[in-house]
Amino acid sequence: MKRHLILLSLWLLSIFFLFTVSSSTASEPQEGTSPKSLDFLGAQDEADMSLIAKRLADYFPPVEGRVVAVVDRHLKIDVGKKAGLAKGMRLSVFRKGKEFYHPVTKQVLGRMEESLGTVEVEGISDDSAIVRRLDTSNTAIRPGDGVRITKAPIRLAIVTAKGSDEDIINMLAEILEGTERFNIKFTPDLPQKTTKELVEESIKKRGGTIGADAVLFVETEPTGTKIRVNTSLYWASDGTYASIYKGEVDLAALKRLAEEESIIPLRKDHWKDIAFNFRARLLVIGDFDGDGKKEVAISDGIKIKIYRPEKGELVEIWSDKDDFNNNHIALDVGDINKDGKDEIFVTNWVDGILSSYVIEYVDGGYKRIWEKARLFFRVLALPEKGMSLIAQESGTAEPYGGMIYEYHWKDRRYIRKDALKLPRDITSIYGFAYIDWNKTNSYQIITIDNDDYLNLYSIDGSRIWKSTERYGGATVRFDTTFTAGGLFGETVTVMVTGRILVKDSEDGKRQEAIIIKNIPMTYIFKYFKGYKEAEVYGFWWNGSQMAERWFIKKINGVITDYQIADIFEKGKKNLMLLTNPTLRMITGKKFTLRGVDSIFASRSNILMYFIPN
């Protein structure tokens, strides 16, 4: 018996030696080759991008086999090249346990499994492979135990090199997700816009706590008429190299892409998720205390909470008093009184009337400097004036009453000034924004109408364009009583149209509009649509219509508010989405429409995304 074990050991070691001699080491990753033709941007321009994605997906083939022999910390398994394995790949080792059954039908549902560690392929043939244990566990692995690379999506964290082209990286991330083999993460646990050496060091320091299976370092560099895309794959558990792939993208193709206003699909995954244990409704960002740094204010509809960004988190520093009569329907910020601190303008609907107020940081604390204002507030960028306070009264025959006025600060109070000249169709202070597409002082007005269609107007009030698809999706409402259709005292629910964000490009030569789209289960009901998920779109003007430049889809939750800011000082403004759970995210609970608010009251999230310049 002892002689047989010695012979088996010598055989396994000889096989391992042969494999080692004939293959390069795992620390010397191999570069992928370029294809002759694949279609992504319409030519070979991005063929290499598709190849990179394919080769990365091929590096994680879903495979399952068994251990057939064990010598010390080396194992022989019964799967090899034919199953898609290659040197350097890693598999998990498991042992099947007892069967478990359905409690009622007694049908076998599966088996319990015990995890035994991880192994790496060091030598390989068509139908078998020699693997080495990576874990330090003394748990015995024996013939018959299972090995696998999971069928589930691989959690892949993407880290970008300093100076890399983010649009290119966005495209690669989208293609990777399109393979359905990866769940892409842009994790804040690792540095972005960094060097390969710092990435390796960070992974090793984190010691497998990144929340990913592997890390992909991506860098781009211009090379004449092309952009070189270099990717390095590391194992997230220990920072070991796995593989390298390279490709090229033609700059002329990217120029055509921009000229044709083609849509850039962004990665679906946010790089940061900040959770709250209450149902948040409204979000604004400003320098409230005048220290030159941004704070975050959030309303749950009843009170305002202010947070300071610290070490990647939001720390609560102040909370307004509880008043359960409150119904905050809009929130805006701006330094209207020009004292170096942003005021917080709270539009508040109490018992059927407006009772709005303004909060400012005064003498070391947050105080109300205007209360019980019978006005709807907004802070909006006006043509050639910048951020300005506008306001509107409520009506007796319509929810919004008459003209919208600009307000100035004078003699220690807000004074009404000129009325805004707006298209006749715009009757509400909410749901519109001015935009100067090419920064030529040629302003137009974007609106979201009551049916959630986008409209574009000239300054003189003529409509230029209307969308064929719906966007928006209001989540805030208030009830009002007014004369309508000759009936006095009719109570009507009014939906408050959400904000439209206008963003300057990094070079300051153009503007784009950022608009959300909460997707309802139905448009049949006006006030309850049962939103199931959300999307965000970036629009610019292509000469004939508002064209979608980029988008983010399949966002879990309904977007209640959103902003653009760099609160964690990453050097690039982020899209911040305030989300609440949707109906389809609530499982295992019985509820009625009347009880929806109480079900959703427990949590909200801010999801943060990088977006194109």
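To be clear, the structure that these remarks concern was listed above.
Presented here is a report on the structure given in the accompanying data block. (Residues numbered from 1 in each chain as written. Predicted model: local features only at pLDDT ≥ 70, side-chain atom pairs only at ≥ 80, totals over all residues. Heavy atoms only, no water.)

Where nonpolar side chains cluster on the molecular surface, the patch consists of F100, L109 and M112 and spans about 290 Å² of accessible area. With respect to the element layout, F100 can be found in strand β3 (residues 90-101). Residue classification places F100 among the partly exposed residues on the basis of a relative accessible area of 32%. (Patch = residues over 30% accessible without salt bridge, like charges linked within 9 Å, V, L, I, M, F, W, Y side chains within 5 Å. Areas by Shrake-Rupley, 256 points an atom, 1.4 Å probe, with all protein chains shown as cover. Salt bridge = Lys/Arg side-chain N within 4 Å of Asp/Glu carboxyl O. Helix = DSSP H or I, 4+ residues; strand = E, 2+ residues; numbered from the N terminus. Buried < 20%, exposed > 50% of the residue type's maximum accessible area, 1.4 Å probe, protein only.)

Relative to the helices and strands, K303 is located in the loop between β15 (295-299) and β16 (304-310). With sequence-adjacent residues up to four places away left out, K303 is seen in contact with I298, S319, D320, K321, D322 and H328. (Contact = heavy atoms within 4.5 Å.)

Counting residues in each nonpolar core, the largest one holds 66 residues, and the members touching the most others are L176 and I606. Examining the composition of this core, we find that seven residues originate from one element, helix α3 (residues 166-178), more than from any other. Non-local contacts of L176, meaning those with residues more than four positions away in its chain, are made with A53, L56, L156, I158, R181, F182, I184 and L216. I304, L354, L380 and W437 belong to the second largest nonpolar core, which has 54 residues in total. (Core = buried A, V, L, I, M, F, W, Y, C linked by side-chain atoms within 4.5 Å.)

Before going further, it helps to examine the sheet that holds strand β38 (residues 574-580). Read from one edge to the other, the open sheet built from four strands follows the order β13-β39-β38-β37, with strand pairing classed as antiparallel. Across the chains shown, the open sheet's two edge strands, defined by having one partner strand only, are β13 (272-276) and β37 (558-565). When strand polarity is set aside, the average angle formed by the axes of neighbouring strands in this sheet is 20 degrees. Examined bridge by bridge, β13 and strand β39 (residues 604-610) share five bridges and lie antiparallel to one another. Note on β39: the bridge partner recorded for I274 is I606. (Pairing = 2+ DSSP bridges. Axes fitted to C-alpha atoms, helices over the stretch in contact; angles between N-to-C directions.)

Turning our eyes to something else, we now look at the pairing of strand β17 (residues 313-319). Two elements, β16 and β17, share six bridges in a ladder whose sense is antiparallel. Looking at β17, one finds that R308 is bridged to V315. Counted along the chain from β16 to the antiparallel partner β17, the turn is two residues long, and its residue K311 has a positive phi close to 50 degrees.

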